[in-house]
Amino acid sequence: MLRVTIVTPFGEVFDGEAEQVVAPGYEGEFGVLDEHIPFLTRSQPGVVKLNQKGKNLLFAIGESFIEVSPDRVLILAESALSPEKVEKDAVMKDLAEAEDRLAKSDLTLDNPDVIEARHDIRLAEARLQIL
């Protein structure tokens, strides 16, 4: 069993046990089981899935640092919400605004407006996905 803690700048969002953790890495989703080799990575906005006895707990997280040790996963996230904390109307508004900003931006790769809009779109999509 893994001890999983999800923390944001505003406080702890989750602290409990899970059999498996699946998180959104920059190279794709990755999974962590008990006795995993230690590592530290960044993750992009997306959905974290915690498997507890066959049941999945879902969290929409923003950019994060994830520290994995053989018996623990620590997620330090810029934001994290459980499904009951997501307000669908607010997320739909955020998504529309981010898509509008992206459409109006100069689509060069290093444009900070494009980077921020894509980040906000991924975060809004993750929040909708957990509903």
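Above this note sits the structure.
Quick summary incoming for the structure in this document.

What counts, and at which threshold
Residues numbered from 1 in each chain as written. Predicted model: local features only at pLDDT ≥ 70, side-chain atom pairs only at ≥ 80, totals over all residues. Heavy atoms only, no water. Helix = DSSP H or I, 4+ residues; strand = E, 2+ residues; numbered from the N terminus. Contact = heavy atoms within 4.5 Å. Salt bridge = Lys/Arg side-chain N within 4 Å of Asp/Glu carboxyl O. Buried < 20%, exposed > 50% of the residue type's maximum accessible area, 1.4 Å probe, protein only. Expected span 1.5 Å × (residues − 1). Axes fitted to C-alpha atoms, helices over the stretch in contact; angles between N-to-C directions. Parallel < 35°, antiparallel > 145°, perpendicular 65-115°, else oblique. Left-handed = near helix turned anticlockwise from the far one by under 90°. Nonpolar A, V, L, I, M, F, W, Y, C, P; charged D, E, K, R; others polar. Pairing = 2+ DSSP bridges. Patch = residues over 30% accessible without salt bridge, like charges linked within 9 Å, V, L, I, M, F, W, Y side chains within 5 Å. Areas by Shrake-Rupley, 256 points an atom, 1.4 Å probe, with all protein chains shown as cover.

1. Examining the side chain of Ser43
Along the chain, Ser43 turns up in strand β5 (residues 39-43). Residue contacts for Ser43: discarding those within four places in its chain leaves Pro24, Gly25, Tyr26, Ile61, Gly62, Glu63, Ser64 and Ile66.

2. Digging into the pattern of salt bridges
If you walk through the whole model with that rule in mind, you get 6 salt bridges. A salt bridge links Arg3 to Asp15; the nearest nitrogen and oxygen atoms lie 3.0 Å apart. Placement of Arg3 in strand β1 (residues 2-8) and of Asp15 in strand β2 (residues 11-18) is noted, with a sequence separation of 12 residues between them. A residue is classified by how much of its surface remains accessible, and Arg3, at 35% relative accessible area, is partly exposed.

3. Considerations on helix α1 (residues 88-103)
Counted at 1.5 Å a residue, the expected span for α1 with its 16 residues is 22 Å, and the 22 Å between its end C-alpha atoms agrees. On its buried face, α1 is in contact with α2 (112-129).

4. Thoughts on the side chain of Ser64
Within the fold, Ser64 resides in strand β8 (residues 64-69). Beyond its immediate chain neighbours, meaning those up to four positions away, Ser64 contacts Thr41, Arg42, Ser43, Ile75, Leu76 and Ala77.

5. With respect to the packing of α1 against α2
At their nearest, the axes of α1 and α2 sit 9 Å apart, and the two run at 155 degrees to each other. One finds that α1 runs roughly antiparallel with respect to α2. The element α1 and its partner α2 pack so that their crossing is left-handed. Between α1 and α2, the residues in contact are Lys88, Val91, Met92, Leu95, Ala98, Glu99, Arg101 and Leu102 and Val114, Glu116, Ala117, Arg118, Asp120, Ile121, Ala124, Glu125, Arg127 and Leu128, respectively. The residue inventory of the contact of α1 with α2, partitioned by class, reads 10 nonpolar, no polar and 8 charged.

6. A word on the pairing of β8
Taking every second residue as pointing to the same face, the buried face of β8 carries Ser64, Ile66 and Val68, while none of Phe65, Glu67 and Ser69 on the other face is buried. Where β8 meets strand β9 (residues 72-77), 6 bridges bridge the pair, whose relative direction is antiparallel. What sits directly across from Ser64, in β9, is Ala77. Linking β8 to β9, which pair antiparallel, is a turn of 2 residues.

7. Focus on the environment of Ala23
Inspection of the secondary structure assignment puts Ala23 in strand β3 (residues 20-25). With relative accessibility at 1%, the residue Ala23 sits in the buried group. A C-alpha to C-alpha distance of 6.6 Å links Ala23 and Lys49, two positions 26 residues apart in sequence. When sequence neighbours within four positions are dropped, the list of residues in contact with Ala23 reads Gly28, Glu29, Phe30, Val47, Val48 and Ile66.

8. Thoughts on a nonpolar patch on the surface
Together, Leu40, Phe65 and Leu76 line one region of the surface with nonpolar side chains, adding up to about 330 Å² of accessible area. Relative to the elements of secondary structure, Leu40 occurs in strand β5. Judged by relative accessible area, Leu40 falls into the exposed class, the value being 63%.

The quantities given are spatial measurements derived from coordinates; they are silent on function.
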